[in-house]
Amino acid sequence: MSVQSTIKRKTAPEIRARKGGDPIVMLTSYHAHTASLVDRYCDVILVGDSLGNVMHGFETTVPVTLDMMILQGRAVMRGSQQALVVVDMPFGSYEASKEQAFHSAVRIMKESLCGAVKLEGGVKMAETIAFLTERGIPVMGHIGLTPQSINTLGSFRAQGREEGSWEPIEADARAVADAGAFSVVVEAVAEPLGRKITETIAIPTIGIGASAACDGQVLVLEDMLGLSPWAPKFVKRFGNLGPGIEAAIKDYAAEVRSRAFPGPEHVYGMKAKG
């Protein structure tokens, strides 16, 4: 006789069904103990490749390996019970071919027991996203500022702030949605663009420096708690360190659900013409 847990984890289809509904609360976690706190208030926990920055001190996420992601994914799964756990596919583990992506994603899901994977890219990754989803792997997309592409972007800068620059980002959003992703992270784009993408695609958008109109929000936990030496414009610090960490997570979740966060100071306006 099988023994089933009394607590049922959220699934990718359940998050997909939240489009246009109550805001989706998402934070990163890389450890069992922080996962247990985040799990109480969040719908989704992202085991992000940002662990390269906040855990290992790398300047970018590029050095992060598949084994590193799997190891921390296991820890987060052990520490959480109800949230959907999504694990980032690191740079170099999926770009070569859709078959490479499939084998990497299978390793992540089998060895960490997570519920979904996340990969960066829009139009260029649409075929890969479709290949994975058709084979039973839930995929969260990631468009706008894509940190794994920092060496070609040149710097971490907001996207879509100039007139005429929206179409490629909108095309990426449509491609990810059409390919079968259950949701998409929209990072560091002009606020009107983040709002428009949310209104025009059929899957939930998870904003990080995008718009309060997004279907949900995500932040790196260490940034939110003030543990990082530098944080982007879109980060708001919640609460105090030490005993205040759980209160900070609770406050963050409440502000996302009430759409109080992000405020105007956390999103990007359009640049003035000429």
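Use the structure listed above.
A brief report on the enclosed structure follows. Note that the structure is predicted; figures quoted are calculated from it, not measured.

In this structure the tally under the stated criterion is 4 aromatic pairs. For the ring pair Phe-238 and Phe-261, a centre distance of 5.7 Å and an interplane angle of 85° mean the geometry is edge-to-face. Of the two residues, Phe-238 sits in the loop between helix H10 (221-224) and helix H11 (245-257) while Phe-261 sits in the segment after H11, which places them 23 residues apart along the sequence. What makes Phe-238 buried here is its relative accessible area of 3%. Through pairs of rings, three or more aromatic residues link up here, namely Phe-238, Tyr-252 and Phe-261. The lysine or arginine in question, Lys-98, covers the ring of Phe-131, its NZ or CZ lying 5.6 Å from the ring centre.

In this structure the tally under the stated criterion is 18 salt bridges. Between Lys-98 and Glu-99 there is a salt bridge, and its shortest N-O distance comes to 3.5 Å. Judged by its relative accessible area of 23%, Lys-98 is partly exposed. With relative accessibility at 36%, the residue Glu-99 sits in the partly exposed group. A salt bridge links Arg-195 to Glu-191, with the shortest nitrogen-to-oxygen separation between them at 3.0 Å. Highlighted residues: Arg-195 and Glu-191, both in helix H9 (residues 191-200), separated by 4 residues, approximately one helical turn. On the basis of relative accessible area, Arg-195 is assigned to the partly exposed category, the value being 37%. Its relative accessible area of 15% is what places Glu-191 among the buried residues. Through salt bridges with shared partners, one network takes in Lys-10, Arg-18, Asp-43 and Arg-257.

Glancing now at the pairing of strand E6 (residues 183-187). In terms of burial, E6 is largely enclosed, as 5 of its 5 residues are buried. Neither face of E6 is left uncovered, since the one carrying Ser-183, Val-185 and Glu-187 and the one carrying Val-184 and Val-186 both have all their residues buried. With 5 bridges joining them, strand E5 (residues 139-144) and E6 adopt parallel strand pairing. The residue of E6 that forms the bridge with Met-140 is Ser-183. Of the strand pairs in this sheet, E6 and strand E7 (residues 205-208) are connected by 4 bridges, and their pairing is parallel. Following the sheet pairing, Val-186 is matched in E7 by Gly-207. Read from E6 through H9 to E7, the crossover connection turns out right-handed.

Positionally, Ile-129 belongs in helix H6 (residues 126-133). Residue contacts for Ile-129: discarding those within four places in its chain leaves Leu-119, Val-139, Val-176, Ala-179, Gly-180 and Ala-181.

At a minimum axis distance of 9 Å, the contact between helix H5 (residues 98-112) and H6 shows a crossing angle of 45°. One element, H5, and the other, H6, form an angle in the oblique class. Here H5 runs over H6; the crossing is right-handed. Where H5 abuts H6, its residues Lys-98, Glu-99, Ala-101, Phe-102 and Ala-105 lie against Glu-127, Thr-128, Phe-131 and Leu-132. Residue composition of the contact of H5 with H6, by class: 5 nonpolar, 1 polar and 3 charged.

The rules behind each value
- Residues numbered from 1 in each chain as written.
- Predicted model: local features only at pLDDT ≥ 70, side-chain atom pairs only at ≥ 80, totals over all residues.
- Heavy atoms only, no water.
- Phe/Tyr/Trp six-rings, centres within 6.5 Å; stacked < 30°, edge-to-face > 60°.
- Helix = DSSP H or I, 4+ residues; strand = E, 2+ residues; numbered from the N terminus.
- Buried < 20%, exposed > 50% of the residue type's maximum accessible area, 1.4 Å probe, protein only.
- Lys NZ or Arg CZ within 6 Å of the ring centre and 35° of its normal.
- Salt bridge = Lys/Arg side-chain N within 4 Å of Asp/Glu carboxyl O.
- Pairing = 2+ DSSP bridges.
- Right-handed = clockwise from strand over helix to strand, strands pointing away.
- Contact = heavy atoms within 4.5 Å.
- Axes fitted to C-alpha atoms, helices over the stretch in contact; angles between N-to-C directions.
- Parallel < 35°, antiparallel > 145°, perpendicular 65-115°, else oblique.
- Left-handed = near helix turned anticlockwise from the far one by under 90°.
- Nonpolar A, V, L, I, M, F, W, Y, C, P; charged D, E, K, R; others polar.

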